[in-house]
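Architecture and fold: a report
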Amino acid sequence: MGPLALLIVLVVVGAWLIVAYNGLIALKNQTLNAFKQIDVQLKRRHDLIPNLVNAVRGAMDFEKSTLEAVIQARNQAVKVNATGPEGIKQISRAENTLSSALQRLMVVVEQYPQLRATGNIGQLQEELTSTENKVAFARQLYNDTATLYNTKQQQFPTSLVAGLAKAQPADLWEIEDQGEKAVPQVDLSLKPKT
Amino acid sequence: MSDEASLNLFQQQEANRRRTVLLVVGFVAFFAWLGFGGDYIYYLFTRDAPRYAYHHTVPWFGIGLSLVAAAIAWYAYRTGPQKVLWSTGAREIVEPRTDQERQLVNVVEEMAIAAGVPRPRIWIVDDPDPNAFATGTDPLHSHIAVTQGVLDLCTRDELQGVAAHELGHVKNLDVRLMTMLAALVGAVALMHDGTSRVLRPGGGSSEERKPSPLVLILLVVWIVSWILAPIIAQLLALGVSRKREYLADAMSAQFTRNPLALASALQKIEGAEAPTTHIKRGAAHLCIADPLGRRLTSHEGLFADALATHPPMVKRIAILRGMGYAQLKQQGR
């Protein structure tokens, strides 16, 4: 009975090893894939911004600083984005700056009824909302998947095979700090003549 | 998404795969019973016949019906989603033309990203009553349809909640089981309508032979099961969909992080009294809310449990509100 029992134990342990290892690898790939999804959405956003800026430029000559901020933030984000997954902290910071610049721009656009009257802006606004949401949801999926991956590789039985699967804790996408989350300041003295 | 939630998702997908297989096996087995049962009865009838008369020894009915059932199941799996969409008269949005359509496409794209599944194909049902459903066989081949009423009544956030609910059904493979069921229920109903017309005047010409009581009992059971077939199929459809709605609601909350939006969307859907006329009985269990406008779903109880396709709306809204307030509390607002 002795050798047989040993054999059974070996088989069970071996099977568990395979399952745990494969589970970690699957999660690792899911995390990488989720990161790629954010990338896709960020690229979309970067492509959309020039259109938006062109559409509003003519009507808001005296809001130059807001537009400049958006363009600058966009260019910075495009530059940082080329660094790849290693620079996730920098990328998220650049993207958060871009998000808040865009938010300020949209608030300003709200104040120009003649801009909103043209259908073009309505569409662009919908596109922008959607793009922002897509970035946010892609980020959410990445953070959820990465958290799951991190938890799995640190929890007890699975942590034993973490080294074998070359599992490293994945960085989470940082949520912007409270200061940036606050409602953008609008300078009322710049109110347009209607 | 906690560890537990993902485990549940995996188990849910497994359960749905298993149940779909069971459904198909049950479907074929039922037809086999009808066929071979008929063969046996016919065999008993002709056993005492004179030597020169026909003796039914090879179970042709059973073989034939089993093959037909397998073919139907295969056909249902291949074309089920198309059939469901066709029956509701939905039209696909290939290229969004109006602002409403563009918003719908955007919202579904957003939710597909949140759910981590490919974007399903998007359809609109021209019906003023708000309702929505999803169909398909797996996340790669899935469809989401909403009525015009949803587009007219719901805000962007509410639309998001509804789309996320449907994507929840897609992601945990509810759509496979429910579409299969819709297609098979439809097939049974269709064949039943067709054959009962043929069977009804069925004159038993062999009165002088006096069949034994055993044969009579068999015959009665056989006929009863044939008559009951559509009812059984309908009950299956009912039982399968109720629990799933709670789960899809929870998945919607997980994708949007905004359970209150879905709660208010459900309230609007519930508030619109009119039944969704474009969605027929066969596809009722696929919808986010009972399209037949049956008041059964307004309360829970033994009666409603047995006959309603959907859980009580009040309870669903209450659960979603609970999630929403818990979330607000956590954020310290």
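Within each chain, residue numbers correspond to sequence positions counted from 1 in written order. Chains carry letters from A onward and ligands carry numbers from 1 onward, assigned in written order. For a predicted model such as this one, the threshold for reporting local features is a pLDDT of at least 70, and the threshold for listing and counting side-chain atom pairs is 80 or more; totals across whole chains, interfaces and linings nevertheless cover every residue.

1. Considerations on the overall build of chain B
What counts, and what does not: Helix and strand definitions here come from DSSP, where helices need a minimum of 4 consecutive H or I residues and strands a minimum of 2 consecutive E residues; each element is numbered from the N-terminal end. A residue pair is marked as a contact if its C-beta atoms, positioned from the backbone, fall within 7 Å.
Within chain B, the secondary structure is distributed over 10 helices and 4 strands. Ordering the α and β elements of chain B from the N terminus gives α-α-β-α-β-β-β-α-α-α-α-α-α-α. Sequence separation of at least 24 residues holds for 72% of the intrachain contacts in chain B that already meet a minimum separation of 6.

2. What to know about the confidence of the model for chain A
All names here are of chain A. Rules: The score called pLDDT rates the predictor's confidence residue by residue, from a low of 0 to a high of 100.
For chain A, per-residue confidence averages 79 on the pLDDT scale, and residues scoring 70 or more make up 81% of the total. Ranking the elements of chain A by mean pLDDT puts helix α7 (residues 178–181) last with 45 and helix α1 (residues 2–57) first with 88. pLDDT under 50 marks residues 177–194. Its contacts with residues more than four places away, or in other chains, come to 14 contacts.

3. A look at the interface of chain B and chain A
We apply this condition: Gly falls in the polar group here, along with every residue not listed as nonpolar (Ala, Val, Leu, Ile, Met, Phe, Trp, Tyr, Cys, Pro) or charged (Asp, Glu, Lys, Arg).
At the junction of the two partners, chain B supplies 12 residues and chain A supplies 16 residues. Listed by contribution, the elements that provide at least two residues to the side of chain B that touches chain A are α1 (3–47) and α3 (99–115) of chain B. If one sorts the elements of the side of chain B that touches chain A by residue count, α3(B) sits on top with 8 residues. The class makeup of the residues in the side of chain B that touches chain A is 3 nonpolar, 4 polar and 5 charged.

4. Section: the domain arrangement of chain B
How big an interface is tends to be stated in terms of the accessible area lost upon association of its parts. Residue and element names in this part refer to chain B. Operational definition: What counts as a domain boundary in this text is fixed by an automatic or database domain assignment.
Parsing chain B into structural domains produces domain 1 (3–79 + 181–201 + 208–228) and domain 2 (88–175 + 239–330). At the interface, 11 residues of domain 1 touch 8 residues of domain 2. Broken down by secondary-structure element, the contributors of at least two residues to the side of domain 1 that touches domain 2 are α1 and α6 (174–199). When grouped by side-chain class, the residues that make up the side of domain 1 that touches domain 2 number 6 nonpolar, 4 polar and 1 charged.

5. Some details on the environment of B:Leu153
Residue and element names in this part refer to chain B. Within the secondary structure, Leu 153 is located in helix α4 (residues 148–153). A C-alpha to C-alpha distance of 18 Å links Leu 153 and Ala 90, two positions 63 residues apart in sequence. Leaving out residues up to four positions away in the same chain, Leu 153 has contacts with Pro 130 and Lys 268.

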